[in-house]
Amino acid sequence: MKALYAAAAMAAIIVIQVILAVSFNWHTAEVFSSTAVSILFWYAICRLIAVQKKCSKAK
């Protein structure tokens, strides 16, 4: 289910990037998408670390 959320977030980022590229310019869209993808990536890494710590404490 979490993979579905990540896929939906990526799809939303792509849609917003296209809207920004049409509304403003491609540079604005690229800055937004690179920032959003970086935040999504680090969120996924932090979640993996938190789950790993939680599993280690349970043992």
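Here, the structure is the one placed above.
In short, a report on the structure. (Residues numbered from 1 in each chain as written. Predicted model: local features only at pLDDT ≥ 70, side-chain atom pairs only at ≥ 80, totals over all residues. Heavy atoms only, no water.)

1. Some thoughts on the overall build of the protein chain
Item 1. Of the regular secondary structure elements, the protein chain holds two helices and zero strands.
Item 2. Its C-alpha atoms give the protein chain a radius of gyration of 15 Å, more than 25% over the compact-globule value 10 Å for 59 residues.
Item 3. Oriented by its inertia axes, the alpha-carbon framework of the protein chain measures out at about 50 × 20 × 5 Å.
Item 4. Residue burial in the protein chain is summarised as follows: out of 59 residues, 10% are buried.
Item 5. When the accessible surface of the protein chain is totalled, it reaches about 5,000 Å², and 74% of it is carbon and sulfur. (Helix = DSSP H or I, 4+ residues; strand = E, 2+ residues; numbered from the N terminus. Rg over C-alpha atoms; globule rule 2.2 N^0.38 Å. Buried < 20%, exposed > 50% of the residue type's maximum accessible area, 1.4 Å probe, protein only. Areas by Shrake-Rupley, 256 points an atom, 1.4 Å probe, with all protein chains shown as cover.)

2. Things to note about helix H1 (residues 2-23)
Item 1. If you check H1, its first and last C-alpha atoms are 31 Å apart, about what 22 residues at 1.5 Å a residue would give, namely 32 Å.
Item 2. Of all the residues in H1, the buried ones are Ile13, Gln17 and Leu20. Taken down its axis, H1 places every buried residue within 70 degrees of arc, on the same side. Exposed residues lying more than 90 degrees from the buried face of H1 are Leu4 and Val22.
Item 3. Of the surrounding elements, those touching the buried residues of H1 are helix H2 (26-58). (Expected span 1.5 Å × (residues − 1). Arc of directions from axis to C-beta. Contact = heavy atoms within 4.5 Å.)

Interpretation note: all reported values are geometric properties and have no functional meaning in isolation.
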